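Residue strings, one per chain:
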Amino acid sequence: GLRSSATWSLDGIGCPRVGENVFLAPSSSVVGDVTVGSKSSVWYNCVLRGDVNEIRIGEESNIQDGTVIHVARNNSKGLALPTLIGNQVTVGHMAILHACTLEDLSFVGMGATVMDGAVVKKG
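Any chance you could explain the pattern of salt bridges here in plain terms?
Between side chains of opposite charge, pairing is possible as soon as their charged atoms come close. Taken as a whole and judged by the stated rule, the model has 5 salt bridges. Two residues, Asp51 and Arg49, come together in a salt bridge whose shortest N-O distance is 2.5 Å. With relative accessibility at 18%, the residue Asp51 sits in the buried group. We classify Arg49 as partly exposed; its relative accessible area is 37%. Residue Arg56 pairs with Glu54 through a salt bridge whose shortest N-O separation is 2.7 Å. Within the structure, one salt-bridge network assembled from shared partners comprises Arg17, Asp33, Glu54 and Arg56.

This is how it looks when you write it as structure tokens:
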């Protein structure tokens, strides 16, 4: 099905976990330690690569076309840097999210770059 064509496991890392009623566009790539919550959507040509850390997307969130989401193993203090996206978050087209946190109900505009350790607050 379409879901399996968009998800890829990584040896030693695991495979994506996808909730109920999720839309994964067939041209999206969801790879490794990635969780997508129920009723969320990942649109065309998005890349979500959970290779050296985890990506978590909550429920009813919208990752729009061409967005790239990645992680970092840790920062200079040794703290893990996953990418955590809350519930009802909108990420605009062609955004880059790297090892950051987007709180519930937050918004990232088209073409924005959000880097390591940054937090986009609720609302």
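Let us keep going from here.
Looking at this structure, how should I read a nonpolar patch on the surface?
On the surface, Val47, Val68 and Ile96 cluster together to form a nonpolar patch covering roughly 190 Å² of accessible area. Note on placement: Val68 falls in strand β8 (residues 68-70).

Procedures and definitions
- Residues numbered from 1 in each chain as written.
- Predicted model: local features only at pLDDT ≥ 70, side-chain atom pairs only at ≥ 80, totals over all residues.
- Heavy atoms only, no water.
- Salt bridge = Lys/Arg side-chain N within 4 Å of Asp/Glu carboxyl O.
- Buried < 20%, exposed > 50% of the residue type's maximum accessible area, 1.4 Å probe, protein only.
- Patch = residues over 30% accessible without salt bridge, like charges linked within 9 Å, V, L, I, M, F, W, Y side chains within 5 Å.
- Areas by Shrake-Rupley, 256 points an atom, 1.4 Å probe, with all protein chains shown as cover.
- Helix = DSSP H or I, 4+ residues; strand = E, 2+ residues; numbered from the N terminus.

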